[in-house]
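# Inside the fold
If you want the building blocks of each chain, they are given just below.
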Amino acid sequence: MPHAPVKIGFLGGGMISQIAHLPFYQVDPRCEIAAIAEERLSLHPALAAFAGAGEVTTDHRAMLARADIDAVVISAPRPATGPLTLAALEAGKHVLAEKPMAHTADQARRLVEAANRRGLIYAVGFMKLYDPGVARARALLHEMVASGRLGRLLFARFYDFSKSYAHPVPPHARPQESRSTRFETWPVTPDWLPSAWNGLYPWFVNAAIHDVNLIHHFLGEDVVVRSAFASGGDMLSATLMAGDVPVALEIAKTEAGRWLEGAEFLFEKGRIAVEIPSPMDTSAVSRVTLDDASAAEHATQVETGLGWSFALQARGFVDALTGKEQPRAPAAMGLRDMELTEAIFRSLGEVAPARSTAEA
């Protein structure tokens, strides 16, 4: 494990870095912000306030070369996340990288293997696993399955119908200029993907990978695809099996004015439902409700505790770096998510269904 305090570098100083990462490492006494790499100079004054005595630099390569930096948090353009993560791992740094970790299973596998060869901690930014409501719902699901109190688990459903944050983004510094140089990028689609899905696939990997990850988090690794359907570039539904439990995954670009994402688990004698808040709502946690026919409980709200998922994710990464516990979203899980994503798209077939005049 790294020495104490753990010295962390940040690759990227944009919105997500400013609101969802830097503030929480800044106040954690177990770590120190050693450097922030961001080429857009207009962001440097705001980043200097987070860095304190740490360096704010335009050169991420020089930051990765520093021997005193133990770990790196990466928040960068999505197609560049994979190459930047690989560079950090090859430099011997532990990594927490924003999702998606990559855009194909082969890319993700390359990153996992690089971390494993060096014995490094590599976590993916599936912060929803740290949401107290998600954690409570998962524990409740496993409790009900083990005890049989609600009977047999008949069906599970995961949905995400949100196109935008549907909540004000916390204050942050905005860049006044475009990037002058470009990071190395990897392809955003697998080479086998039919061209009909070239627009849908990158959007799904960015927006729906959280929900694929939640399927594995709640139901385990034994998940296979039975069928999938997509219409145009704005919706996808898939039927999966987790062991002997049917699972529905429903994803759509919907502008409803509020965040619509969650999961539900239907038993013979009850139901567990999880409503996930907008990631920009810093005061909200997932709402968990229980229907239990045997106890005559209907839509009973379950106590979950408090805490913003991004803040708890930062604490969890430092916990992992200091040997307290393992990350809840290790890269091996992210690889399984990418493999399942590719299996879903293989099930779509070769041709995108034409949209009717009424739909156009």
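Everything that follows concerns the structure shown earlier in this document.
First things first, this report covers the structure right here in the doc.

The rules we used
Residues numbered from 1 in each chain as written. Predicted model: local features only at pLDDT ≥ 70, side-chain atom pairs only at ≥ 80, totals over all residues. Heavy atoms only, no water. Helix = DSSP H or I, 4+ residues; strand = E, 2+ residues; numbered from the N terminus. Expected span 1.5 Å × (residues − 1). Buried < 20%, exposed > 50% of the residue type's maximum accessible area, 1.4 Å probe, protein only. Salt bridge = Lys/Arg side-chain N within 4 Å of Asp/Glu carboxyl O. Pairing = 2+ DSSP bridges. Axes fitted to C-alpha atoms, helices over the stretch in contact; angles between N-to-C directions. Polar contact = N/O pair within 3.5 Å; in protein donor to acceptor, adjacent residues only side chain to side chain. Contact = heavy atoms within 4.5 Å.

## Topic: helix α5 (residues 105-118)
- The end-to-end C-alpha distance of α5 is 20 Å, a good match for the 20 Å that 14 residues give at a rise of 1.5 Å each.
- Restricting attention to buried positions, one finds in α5 the residues Ala105, Gln107, Ala108, Leu111, Val112, Ala114 and Ala115.
- Where α5 terminates, the next one or two residues include Gly119, which has phi positive at roughly 65°.

## Considering the pattern of salt bridges
- Evaluation of the coordinates by the stated rule reveals 16 salt bridges.
- Where Arg66 meets Glu55, a salt bridge forms, and the shortest distance between an N and an O atom there is 3.2 Å. Here the residue Arg66 occupies a position in the loop between α3 (60-65) and β4 (71-74), and Glu55 occupies one in strand β3 (residues 55-57), the gap between them amounting to eleven residues.
- Overall, Arg66 belongs to the partly exposed group, its relative accessible area being 23%.
- Since its relative accessible area comes to 36%, Glu55 is described here as partly exposed.
- In this structure, Asp68 and Arg66 form a salt bridge, with 2.8 Å as the shortest nitrogen-oxygen distance.
- Given a relative accessible area of 28%, Asp68 falls into the partly exposed group.

## Digging into the sheet that holds strand β6 (residues 122-124)
- A sheet is described by the order of its strands in space; here six strands give the open sequence β3-β2-β1-β4-β5-β6, paired in parallel fashion. Since the sheet does not close on itself, it has two edges, and those belong to β3 and β6, each with one partner. Looking at each pair of strands side by side, their axes are set apart by 20° on average, direction ignored.
- Taken together, the three bridges between strand β5 (residues 94-97) and β6 define a ladder with parallel strand orientation. By the bridge assignment, Val95 is partnered in β6 with Tyr122.

## Examining the side chain of Ser162
- If you trace the backbone, Ser162 turns up in the loop between β7 (153-160) and α7 (200-207).
- For Ser162, a relative accessible area of 11% puts it in the buried group.
- From its side chain, Ser162 meets the backbone nitrogen of Leu260 in a polar contact 2.6 Å long.
- Ignoring anything within four residues of it in the chain, the contact list for Ser162 reads Ala252, Thr254, Arg258, Trp259 and Leu260.

## Notes on the sheet that holds strand β13 (residues 287-292)
- Strand order in the open sheet formed by eight strands is β8-β9-β10-β7-β11-β12-β13-β14, with mixed pairing between adjacent strands. For this open sheet the edge positions go to β8 (223-230) and β14 (297-301), each flanked by a neighbour on one side alone. Along the sheet, successive strands turn relative to each other by an average axial angle of 15°, direction set aside.
- Where β13 lies against β14, three bridges are found, and the strand directions are antiparallel. Its bridge partner lying in β14, Leu290 is registered against Thr300.
- Where helix α8 (residues 209-219) meets the sheet, it contacts β7, β8, β9 (235-242), β10 (245-252), β11 (261-267) and β12 (270-275), and its direction lies at approximately 155° from that of β7.

## Here's the deal with the environment of Asp337
- Within the fold, Asp337 resides in helix α10 (residues 331-346).
- Each C-alpha atom, one on Asp337 and one on Val56, is 34 Å from the other, the two residues being 281 residues apart in sequence.
- Ignoring anything within four residues of it in the chain, the contact list for Asp337 reads Phe126, Ile209, Val212, Asn213 and His216.

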